[in-house]
Amino acid sequence: MTEGIDKAGTAPTAKAAVVTGASTGIGEATVRALRNEGWTVFAVARRAERLEALGAETGAVALPADVTDDADVARLLEAVSQAGGIDTLINIAGGARGADKVAESKTEDWEWMYGVNVLGTMKLTRAFLPMLRACGEGTVLNLTSTAGLSAYEGGGGYNAAKFAQHALTGALRLEEAEHNLRVIEVAPGMVQTEEFSLNRLGDQGAADKVYAGVEKPLTAGDVADVVRYAVTAPHHVNLDQIVIRPVAQASNFKVIRKS
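Reading guide: rules and limits
Residues numbered from 1 in each chain as written. Predicted model: local features only at pLDDT ≥ 70, side-chain atom pairs only at ≥ 80, totals over all residues. Heavy atoms only, no water. Pairing = 2+ DSSP bridges. Helix = DSSP H or I, 4+ residues; strand = E, 2+ residues; numbered from the N terminus. Axes fitted to C-alpha atoms, helices over the stretch in contact; angles between N-to-C directions. Contact = heavy atoms within 4.5 Å. Core = buried A, V, L, I, M, F, W, Y, C linked by side-chain atoms within 4.5 Å. Buried < 20%, exposed > 50% of the residue type's maximum accessible area, 1.4 Å probe, protein only. 1 Å grid on protein atoms, 1.4 Å probe; cavity = no way out; pocket = protein on both sides within 12 Å on 5 of 7 lines; lining within 4 Å. Points joined across faces, edges and corners; volume = space filled by probe spheres on them. Nonpolar A, V, L, I, M, F, W, Y, C, P; charged D, E, K, R; others polar. Salt bridge = Lys/Arg side-chain N within 4 Å of Asp/Glu carboxyl O.

S.K.: Lay out the sheet that holds strand β4 (residues 88–91) in plain terms, naming residues and giving numbers.
M.R.: With parallel pairing, the seven strands of this open sheet are ordered in space as β3-β2-β1-β4-β5-β6-β7. The open sheet has two free edges, formed respectively by β3 (61–64) and β7 (241–244), since each of these has just one partner strand. Pairwise comparison of adjacent strand axes, ignoring direction, gives a mean angle of 15° for this sheet. With five bridges connecting them, strand β1 (residues 16–20) and strand β2 (residues 40–45) associate as parallel partners. Each residue of the ladder has a partner; that of Ala17, found in β2, is Val41. Helix α1 (residues 25–36) contacts β1, β2, β4 and β5 (139–143) of the sheet and is inclined by roughly 165° relative to β1.

S.K.: Can you tell me about the nonpolar core, naming the residues and giving the values?
M.R.: The biggest cluster of nonpolar side chains holds 31 residues, and the ones touching the most others in it are Val31, Leu34, Ile90, Leu141, Val186 and Val223. With six residues, the single largest contributor to this core is helix α8 (residues 220–232). Residue contacts for Val31: discarding those within four places in its chain leaves Val19, Ala22, Val41, Ala43, Leu54, Thr58 and Ala60. Of all hydrophobic cores here, the second largest spans 23 residues; its members include Val18, Leu63, Val67 and Met131.

S.K.: How would you summarise the side chain of Asn91 if you had to cite specific residues and measurements?
M.R.: Tracing the backbone through its elements, the reader meets Asn91 in strand β4. Setting aside residues no more than four positions away along its own chain, Asn91 makes contact with Thr20, Thr121, Leu124, Thr125, Val140, Leu141, Asn142 and Leu143.

S.K.: Tell me what's going on with empty space enclosed by the protein, and back it up with residues and numbers.
M.R.: This structure, assessed with the given rule, holds one cavity of 30 Å³ or more. By volume, the largest cavity is sized at about 70 Å³. If you trace the largest cavity, you find 15 residues lining it, with Arg97, Gly98, Asp100, Trp110 and Met113 closest to the centre. Breaking the lining of the largest cavity down by element, the ones donating at least two residues are α4 (107–135) and α5 (156–176). Residue classes in the lining of the largest cavity are distributed as four nonpolar, six polar and five charged.

S.K.: Please provide a residue-by-residue account of the pattern of salt bridges, values included.
M.R.: All told, the structure shown has eleven salt bridges when counted by the stated rule. Put simply, Glu57 and Arg32 hold a salt bridge, and the shortest N to O gap is 2.8 Å. Pair noted here: Glu57 is in helix α2 (residues 48–58) and Arg32 is in helix α1, with a separation of 25 residues, a long-range link. Using a relative accessible area of 55% as the deciding quantity, one classes Glu57 as exposed. The class for Arg32 is partly exposed, based on a relative accessible area of 26%. Close ionic contact of Arg75 with Asp72 constitutes a salt bridge, the shortest N to O distance being 2.2 Å. You can see Arg75 and its partner Asp72 sitting in helix α3 (residues 70–83), three residues apart, about one turn around the helix. Assessed through its relative accessible area of 52%, Arg75 is described here as exposed. Judged by relative accessible area, which is 17%, Asp72 ranks as buried.

Listed below in structure tokens is the structure:
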């Protein structure tokens, strides 16, 4: 465990991170990757039971919270401060809902995507910035998506949310450089996880079709390994933007599928 951070923001003496979206997929894999490096990890997600199981297995500190809820964010900041503080914030919580064209868009889907991908990232970052600045060598890593770099049909809502998160990340890097704060963006392409496509499409058959015939889509562990590398590199090395795709996905528009 790191030493405590006081109100003046004394930096922790060992590497420590908050990882959001930690109950599944890339977030869960990132918790495991950093714990394997010996980091103190505060695992954050809404599903307490999954977090507790992950904590029991890995030694991560389970802190159930909704990153879009101001009261939850305040409680999270207090709990992390009392437990020793962090020098690294990894915003992975996010997701997609629906694949409708703009003409058939569902307002509630767009609001949810903007809330969790953009406002959640903003709220966590805003809350922890004083602590990260005080470290002297703080890091923020935001997991965006190739959907935030290139639009595609049926992706309007997710594109809009991830483009906004991408822009937020770029602005943060410019604003915080004077505080020696490292700001990293990791933008994955096609990643096969247990829940992402299922949550987006609401049907297991439709979710399976996303990956049908694709040889070796990325796994959560693949992306977590890139995240681990980015935040464990020497602090003066800022990997501004890392785009990671499977070889079979040459772009958002070209995916090689074998029968």
